[in-house]
Amino acid sequence: MLAASGSQIYRCTLRSVGKRGCFVAIGSFLEKNYCRHQVYNHHQQPCRHFSKQETPQLVSITDHLDELHKIPLADVRNFCIIAHVDHGKSSMASRLLEYTGNLGHDRQATAHQLGEKTTTAYNQDESSAIIKDNADTSKETGSKSTKHKEIKEEITLLDTLKVERERGITVKASAASMLYKHPSATNDQGWILLNMVDTPGHADFGVEVSKSLASIEGAVLLFDSVQGVQAQTLSVYDKARALGKQILPALTKIDIPSARPLEVALAVSDLFAFDPDTIMKTSARNRIGVRELLDSVCENIPPPSPLSDDDGTMLRAKVIDSWFEPRRGVVCLVRLLSGILSENDRISIVEPSIDGKGPQVLKDNYSVQELGLVMPDRIRTGKLHIGQMGYVVAGLRDPREARPGSIISLQKTMQTLISNEMELPSSAALTHQSVLYASVHPMDGDGFDEMHAAVNRLALNDTGLEIHQTTGSSNNGGGPFLGPGLRVGFQGLLHVEVFRQRLLDEFELEAIVTPPKVPYRIRYLESKNYKRPPGAPEEEVIEDLTDWPEQGHRFKVLEPMVDVRILAPMEYAGSIMELTKRKRGIKIRTKPVDEHIWLFTAAMPWADVVTDFHDDLKSTTAGYASFDVSEADPPQQEADLVKVELLLNSEVVDPLAFVCHRDAAQSQARVVCQKLQEVLPRQQFVTVIQAKADGRFIASARIR
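Residues numbered from 1 in each chain as written. Predicted model: local features only at pLDDT ≥ 70, side-chain atom pairs only at ≥ 80, totals over all residues. Heavy atoms only, no water.

K.L.:
Talk me through the overall build of the protein; I want residue IDs and the actual numbers.
P.N.:
Along the protein, the regular secondary structure elements total 16 helices and 35 strands. Summed over its atoms, the accessible surface of the protein is roughly 31800 Å², and 48% of this surface lies on carbon and sulfur atoms. (Helix = DSSP H or I, 4+ residues; strand = E, 2+ residues; numbered from the N terminus. Areas by Shrake-Rupley, 256 points an atom, 1.4 Å probe, with all protein chains shown as cover.)

Here is the structure:
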């Protein structure tokens with residue numbers, strides 16, 4: 001049982017009849033020392049826990065790059081860190097890098113000393129003395145206070161984009177390899193090679209999370225000790241569980257005065273069926289529990305399984321991710337499943353079987369120009385061996401030439417690989433479909449070409465973008481005020497905001513982004529007045545509202561539905577249920593998570609979620625609520641919807657059109673007309689703004 005003293009229990013499975021277990025605790029809960037029973041690791045070889053007095057030998061991957069090939073596949077652990085937004089994924093990843101020596105020997109030694117002191121202080125209910133212990137240790141090691149401050153606060157090393165550092169979120173997954181000495185290792189050196197992937201937490205970047213989970217065997221699931229279980233926590237847990245990954249639960253931020261580790265641990269165990277005694281307690285800020293987290297990864301996450309037909313010579317490397325760099329072209333992050341990859345090797349890329357189709361070998365082949373490990377800075381090694389995860393530069397110009405899940409092999413052995421039907425590990429298709437669309441226009445009418453080039457460059461690194469040229473009734477696509485533009489598909493509202501900020505940060509371009517729209521399914525009905533062309537489909541998906549059926553056609557509209565999960569304090573239950581009903585939510589259910597937090601679920605139209613639901617929810621709950629969405633079952637529902645067109649001086653501006661429920665068309669049209677009246681520039685002539693639906697004008701405004 002979880003003790004209020006903050007003790008952590010470890011379970012070591014003994015090789016004996018009945019599979020008896022020994023339990024060890026830190027602090028005063030059970031014993032002062034770690035267990036010294038003879039235990040066995042995953043490979044049925046003996047190992048022994050460190051005693052409390054023993055300090056693990058410091059080892060750094062930077063000192064042993066030439067010896068990594070000696071580490072067998074059985075001593076490799078591939079894992080990622082998943083959690084809700086701002087629950088400390090990147091901070092914990094940076095502390096793991098620091099603890100394993102990737103950031104230098106001085107920082108590693110300091111991290112070990114501070115980590116041991118703060119962990120011991122917390123476990124002995126001396127959390128108030130943690131900061132003092134940190135300061136004392138800093139003086140003992142002779143480090144300056146400014147240097148100590150840099151060490152303590154540099155905890156977002158894997159967040160490389162400017163938008164990630166400014167917003168404190170992770171947008172794109174990143175990886176790093178580490179070396180850690182642990183008794184479960186089978187090699188003579190006692191080393192475990194850890195390949196870690198840091199992932200985004202927001203549902204809008206779920207493609208990045210899926211790519212990460214497809215390349216690892218286990219995941220560390222973090223829970224904020226203050227906020228508890230949040231909406232995206234459920235989302236990433238569902239993804240990891242669906243893929244059959246080993247999940248290690250851990251609490252973060254346990255040293256914050258308002259933390260509730262005991263309550264959160266019990267809520268986690270009830271909601272996710274975790275044993276409370278297996279939930280680790282950590283804090284990246286004061287390095288509490290970092291060593292315990294590394295030990296748990298080594299002991300509980302299984303090593304990657306070798307390929308059944310691996311003869312040690314056939315190269316097979318799986319692409320985890322790829323991105324574009326202006327000077328180097330495409331950089332691929334790969335994981336070696338078998339064989340050895342060296343610089344100057346001639347390689348080919350094959351896409352494994354998906355949906356019953358056979359493997360497809362791409363026609364081009366490439367020469368490996370550079371490769372090495374990521375730690376998280378790239379270190380050129382010249383070779384990659386089985387079990388290692390590293391980067392490859394081979395002269396590709398488009399990341400779509402090396403999609404996640406593709407297999408890299410030597411050109412000279414590709415024919416043997418295919419003809420002998422050797423094992424090509426298949427991956428779940430990481431294809432995605434945009435869930436909402438918006439028109440993007442330059443601030444300056446003459447800046448379309450520059451904006452188009454910038455958006456295409458962004459799309460090379462952001463596979464979630466879907467880009468199309470806008471079409472419209474006017475010659476320039478966006479009317480006399482917006483000018484030409486692009487129709488871009490996004491994965492969610494945060495994705496839209498990040499897109500705009502990256503355009504500004506990386507290309508110094510300000511863009512006008514119209515309100516997002518969702519795709520609709522149109523089902524045509526028989527009509528005496530309007531006959532469908534021969535062979536025309538009876539159903540079609542409308543992503544661009546310029547394709548909306550004209551006035552007079554008979555049709556039904558199916559709008560996309562999503563299941564919404566909201567976690568918020570129970571005192572806001574009435575306001576949340578009222579907001580959900582106002583947004584046409586159905587199947588509303590509630591469930592208590594703990595004494596303070598309730599879980600609300602409902603099915604809602606996706607169009608009502610993407611407009612202003614997030615802002616209304618935050619306003620209703622004073623910012624305490626979080627929510628995530630997933631596709632509903634059934635994914636679409638018939639609704640009485642109507643298209644509202646916006647006209648400026650009698651000319652239709654297609655990017656401003658929107659679809660809404662017929663009953664709310666007039667009220668929403670008036671709001672849009674008033675907003676346009678406020679934001680559009682004043683001209684030397686009167687500008688007439690009109691909204692039109694079902695062939696009649698329902699709202700208007702004038703700019704004089």
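Back to the write-up after that little detour.
K.L.:
Mind laying out the confidence of the model for the protein, listing which residues take part and the relevant values?
P.N.:
A residue-level look at the protein finds 80% of positions with pLDDT of 70 or above and a mean pLDDT of 79. Here residues 1-53 is a poorly scored stretch, pLDDT under 50, and it has 123 contacts once near neighbours within four places are set aside; other chains count. Within the model, the stretch residues 471-476 combines pLDDT values under 50 with 13 contacts to residues more than four positions away or in other chains. (pLDDT = per-residue confidence, 0-100. Contact = heavy atoms within 4.5 Å.)

K.L.:
Could you give me a rundown of the packing of helix H11 (residues 448-461) against helix H13 (residues 493-507), with the residues and numbers involved?
P.N.:
The geometry of H11 relative to H13 is characterised by a closest axis approach of 11 Å and an angle of 110 degrees between their N-to-C directions. By the angle between their axes, H11 is roughly perpendicular relative to H13. As for the relative orientation of H11 and H13, their crossing is right-handed in sense. Facing H11, whose interface residues are Ala454, Val455, Arg457, Leu458 and Asn461, H13 presents Phe499, Arg502, Leu503, Glu506 and Phe507. Along the lines of polarity and charge, the residues of the contact of H11 with H13 split into six nonpolar, one polar and three charged. (Axes fitted to C-alpha atoms, helices over the stretch in contact; angles between N-to-C directions. Parallel < 35°, antiparallel > 145°, perpendicular 65-115°, else oblique. Left-handed = near helix turned anticlockwise from the far one by under 90°. Nonpolar A, V, L, I, M, F, W, Y, C, P; charged D, E, K, R; others polar.)

K.L.:
Describe the nonpolar core, and please don't skip the residues or the numbers.
P.N.:
Among the nonpolar cores identified, the biggest contains 48 residues, and Ile566 and Phe613 are the most heavily contacted of them. The dominant element in this core, judged by the number of residues it contributes, is helix H15 (residues 606-620), at six residues. The residues touching Phe613, leaving out its near neighbours within four places in the chain, are Val564, Ile566, Leu579, Lys583, Met604, Asp608 and Phe627. (Core = buried A, V, L, I, M, F, W, Y, C linked by side-chain atoms within 4.5 Å. Buried < 20%, exposed > 50% of the residue type's maximum accessible area, 1.4 Å probe, protein only.)

K.L.:
Can you tell me about the pattern of salt bridges, naming the residues and giving the values?
P.N.:
A side chain of one charge can pair with a side chain of the opposite charge if their charged atoms are brought near each other. Going through the model one piece at a time under the given rule, you end up with 28 salt bridges. Arg260 is the partner of Asp594 in a salt bridge, and the nearest nitrogen-oxygen pair spans 3.6 Å. Here Asp594, found in the loop between strand E28 (586-592) and strand E29 (597-605), pairs with Arg260, found in the loop between strand E9 (246-252) and helix H8 (261-272); they are 334 residues apart in sequence, far enough to count as distant. No difference in accessibility class separates Asp594 from Arg260, as the two residues are buried. Between Arg662 and Asp694 there is a salt bridge whose closest N-O contact spans 2.3 Å. (Salt bridge = Lys/Arg side-chain N within 4 Å of Asp/Glu carboxyl O.)

K.L.:
Tell me about the sheet that holds strand E21 (residues 436-442), residues and numbers included.
P.N.:
Strand-to-strand pairing in sheets goes through backbone hydrogen bonds, with the strands running parallel or antiparallel. As summarised here, the arrangement of the four strands in space is E22-E23-E21-E24, forming an open sheet in which the pairing is antiparallel. Lying at the two open borders of the sheet, with one neighbouring strand each, are strand E22 (466-469) and strand E24 (511-513). Strand-to-strand twist across the sheet, computed as the mean angle between neighbouring axes with direction ignored, equals 30 degrees. Along the sheet, H11 contacts E21, E22, strand E23 (486-490) and E24; its crossing angle with E22, the most-contacted strand, is approximately 155 degrees. (Pairing = 2+ DSSP bridges.)

K.L.:
I'd like a rundown of the packing of helix H1 (residues 89-99) against helix H9 (residues 290-300), residues and numbers included.
P.N.:
Where H1 contacts H9, the axes come no closer than 10 Å and their chain directions differ by 85 degrees. It follows from the interaxial angle that H1 and H9 lie roughly perpendicular. Residues Met92, Arg95, Leu96 and Tyr99 of H1 pack against Val290, Arg291, Leu293 and Leu294 of H9. Here the contact of H1 with H9 is built from residues that sort into six nonpolar, no polar and two charged.

K.L.:
Hey, could you go over H13 for me, with residue numbers and the actual values?
P.N.:
The terminal C-alpha atoms of H13, which comprises 15 residues, lie 21 Å apart, in line with the 21 Å expected from a rise of 1.5 Å per residue. For H13, the set of buried residues is Leu494, His495, Val496, Val498, Phe499, Gln501, Arg502 and Leu503. Once H13 finishes, Glu508 follows within two positions and takes phi at roughly 55 degrees, a positive value. (Expected span 1.5 Å × (residues − 1).)

K.L.:
Which residues make up unusual backbone geometry, and what are the values?
P.N.:
Cis geometry marks the peptide bond from Met375 to Pro376; its omega dihedral reads -5 degrees. Inspection of the secondary structure puts Pro376 in the loop between strand E16 (370-374) and strand E17 (378-380). We note that Glu508 has phi near 55 degrees; this positive angle belongs to a residue other than glycine. Accessibility expressed as a relative area gives 72% for Glu508, which makes it exposed. Even without glycine at this site, Ser650 takes up a positive phi of about 70 degrees. Take Ser650: it is sitting in the loop between strand E31 (641-648) and strand E32 (651-652).

K.L.:
I'd like a rundown of the packing of aromatic side chains, residues and numbers included.
P.N.:
Within the structure shown, the criterion is met by ten aromatic pairs. Ring centres of Phe490 and Phe499 lie 5.2 Å apart, and the angle between their planes is 70 degrees; on these two criteria the pair is classed as edge-to-face. Pair check on accessibility: Phe490 and Phe499 agree, each one buried. Residues Trp548 and Phe555 carry aromatic rings whose centres are separated by 6.1 Å and whose planes lie at 85 degrees to one another, so their mutual orientation is edge-to-face. Note on Phe555: relative accessible area 24%, which makes it partly exposed. Each member of the aromatic cluster is reached from another via a ring pair, and the members are Phe223, Tyr237, Phe272 and Phe274. (Phe/Tyr/Trp six-rings, centres within 6.5 Å; stacked < 30°, edge-to-face > 60°.)

K.L.:
Give me the sheet that holds strand E15 (residues 360-367): which residues, what numbers.
P.N.:
Read from one edge of the open sheet, eight strands run E15-E14-E20-E11-E12-E19-E16-E17, paired in antiparallel fashion. What marks the edges here is a single partner per strand, and that holds for E15 and E17. Taken pair by pair, the neighbouring strands of this sheet meet at an average axis angle of 40 degrees, ignoring direction. Bridge count for strand E14 (residues 346-351) against E15 is five bridges, and the pairing is antiparallel. Considered in E15, the bridge of Ile347 is made with Tyr366. Contacts from helix H10 (residues 411-419) reach strand E11 (316-325), E14, E15 and strand E20 (407-410) within the one sheet, and its direction differs from that of E20 by about 115 degrees.

K.L.:
How would you summarise H8 if you had to cite specific residues and measurements?
P.N.:
In this model, H8 (twelve residues) spans 16 Å end to end at C-alpha, consistent with the 16 Å of a helix rising 1.5 Å per residue. If you check which residues of H8 are buried, you get Pro261, Val264, Ala265, Ala267, Val268, Ser269 and Phe272. In this structure, the buried side of H8 is in contact with helix H2 (105-123), strand E8 (218-224), helix H7 (231-242), E9 and strand E10 (280-281).

K.L.:
Account for the environment of Met389, with residues named and values stated.
P.N.:
Inspection of the secondary structure assignment puts Met389 in strand E19 (residues 389-393). Separated by 214 residues in sequence, Met389 and Ala175 have C-alpha atoms that sit 8.5 Å apart. Those residues in contact with Met389 that sit more than four places away from it in its chain are Asn78, Ala175, Ser177, Asn195, Val197, Ser215, Ile320, Leu333, Val334, Arg335, Leu373 and Val374.

K.L.:
Provide a residue-level description of the pairing of strand E7 (residues 191-198), including the pertinent values.
P.N.:
Counting buried positions over the eight residues of E7 gives eight, a clear majority of the element. Of the two faces of E7, the one lined by Trp191, Leu193, Asn195 and Val197 and the one lined by Ile192, Leu194, Met196 and Asp198 are each fully buried. Bridging between strand E5 (residues 76-82) and E7 involves six bridges; their strand directions are parallel. When the bridges of E7 are listed, Phe79 appears paired with Met196.

K.L.:
Provide a residue-level description of the pairing of E21, including the pertinent values.
P.N.:
The buried fraction of E21 is high, at seven of seven residues. Residues Leu436, Ala438, Val440 and Pro442 line one face of E21 and the alternating positions Tyr437, Ser439 and His441 line the opposite face, and both faces are buried. Taken together, the five bridges between E21 and E23 define a ladder with antiparallel strand orientation. From the neighbouring strand, Tyr437 faces E23, where its bridge partner is Gly489. Of the strand pairs in this sheet, E21 and E24 are connected by three bridges, and their pairing is antiparallel. When the bridges of E24 are listed, His441 appears paired with Ile512.

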